[in-house]
Amino acid sequence: MDETTQPNNTPDSLLPEALAIVEPLIAWLIRSGVGYNEFAAALKPVFLAQAQQELLKRNPKPTDSALSLLSGLHRKDVRASREAASRTMAQVQANGSAWGKPSMANQVATRWLSLESATDALPINGDSNSFEALARSVSKDVHPRTVLQELVRLGLAHEDNGCVHLLRGAFVPDANHKEARELLAGSVADHLNAGVHNLCTRSTNAPGPRKFLEQSVFANGLSPESIQKLNLLANDLWAHVLQTVVAAATPLCEQDANYPKPQRFRLGLFSFAAPELKNLTNDSTS
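Residues numbered from 1 in each chain as written. Predicted model: local features only at pLDDT ≥ 70, side-chain atom pairs only at ≥ 80, totals over all residues. Heavy atoms only, no water.

J.: If you had to explain the overall build of the chain to someone new, which residues and values would you point to?
T.: Tallying secondary structure elements over the chain gives 10 helices and three strands in all. Walking the chain from its N terminus toward its C terminus, one meets helices and strands in the order α-α-α-α-α-β-α-α-β-β-α-α-α. Burial analysis of the chain (286 residues in total) assigns 21% to the buried set. Considering only contacts in the chain between residues 6 or more positions apart, those separated by 24 or more positions represent 56%. As displayed, the chain has an accessible area near 21,200 Å², and 57% of this comes from carbon and sulfur atoms. (Helix = DSSP H or I, 4+ residues; strand = E, 2+ residues; numbered from the N terminus. Buried < 20%, exposed > 50% of the residue type's maximum accessible area, 1.4 Å probe, protein only. Contact = heavy atoms within 4.5 Å. Areas by Shrake-Rupley, 256 points an atom, 1.4 Å probe, with all protein chains shown as cover.)

Following this line, the structure appears as structure tokens:
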């Protein structure tokens, strides 16, 4: 195959699916004061970097013409953005990796939520059944007082009369915190990475990367009251999933602490509800 040939040509454009994916992202950008020109300029090095990665699989030194054809960028943009593309992609990947790892405060809060005898209040100090013991069970490298200060800063806990109180309702991220944006970005990126990996991986028994869990369940024609019942059920299910996975992951993390090439794992669950829209195609032909 000539290196200028665009790979994976398909008869159907995936733009409708891509637009559905980016629509809520664009709404977020607009509400945050980021316009088209700024976002489009930021995308150029990302498109170029991805085109480089695709072509490097077949040719150790892709030409500007091949990169221009595959990325859709003008040759002058390819020449001008080569170094920026490498820097941008390195930063994007570093951010994704960092946002895919829980902070110390998050680990302590998650461990607290997963305890079988979970209580919303713990004494600050004590050898067992205390916040100090909980924090030290996660890591002995960070002082429990430092972890507590971070939980308080994030609005996940408060201190009162020698006790730490967990604020369960605060686990819906506060948009005022940068950490909330990073949590959203990391979660959505991993979800999309799992789906794209599955779409691009052939179903074979040959050795190699397997498909990831990426499933949803749908229900429609519901009243707001029914939606509320399903939301409560989803929260109950998540509490059980959280407790089960943390109980399984904790000894594995301890077992693999010195593994030379560590990997990360994320299991997520989300719920969403919105008014149903009429089928525009059916309406136009009725």
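J.: Talk me through the nonpolar core; I want residue IDs and the actual numbers.
T.: With 22 residues, the main nonpolar core has Val108, Trp112, Phe131, Val147, Leu151 and Val164 as its most contacted residues. Elements supplying a minimum of two residues to this core: α5 (104–114), α6 (131–138), α7 (144–153), β3 (163–166) and α9 (224–255). Among the elements that make up this core, the one with the highest residue count is α5 (six residues). Within the second largest apolar cluster, 10 residues are counted, among which are Leu55, Ala66, Val78 and Ala85. (Core = buried A, V, L, I, M, F, W, Y, C linked by side-chain atoms within 4.5 Å.)

J.: Please give an account of helix α3 (residues 64–71) that cites residues and values.
T.: Looking at α3, one finds that the buried residues are Ala66, Leu67, Ser68 and Ser71. Of the surrounding secondary structure, the elements contacted by the buried residues of α3 are α2 (36–56) and α4 (75–99). Immediately downstream of α3, the backbone of glycine 72 shows phi near 85°, a positive value.

J.: Report on unusual backbone geometry, specifying residues and quantitative values.
T.: The backbone phi angle of asparagine 129 is positive, close to 50°, even though this residue is not glycine. Relative to the assigned elements, asparagine 129 resides in the loop between β1 (121–123) and α6. Its identity as a non-glycine residue notwithstanding, asparagine 161 has a phi of 50°, on the positive side. Relative to the helices and strands, asparagine 161 resides in the loop between β2 (157–160) and β3. Its relative accessible area of 73% is what places asparagine 161 among the exposed residues.

J.: Describe the pairing of β2, naming the residues involved and giving the relevant values.
T.: Of the pairings in the sheet, the one linking β2 to β3 comprises four bridges and is antiparallel in character. What sits directly across from histidine 158, in β3, is histidine 165. Joining the antiparallel neighbours β2 and β3 is a turn of two residues, in which asparagine 161 adopts a positive phi near 50°. (Pairing = 2+ DSSP bridges.)

J.: So, a nonpolar patch on the surface: which residues are in play, and what are the values?
T.: On the surface, Leu25, Trp28, Leu184 and Val188 cluster together into a nonpolar patch covering about 330 Å² of accessible area. Take leucine 25: it is sitting in helix α1 (residues 15–31). (Patch = residues over 30% accessible without salt bridge, like charges linked within 9 Å, V, L, I, M, F, W, Y side chains within 5 Å. Salt bridge = Lys/Arg side-chain N within 4 Å of Asp/Glu carboxyl O.)

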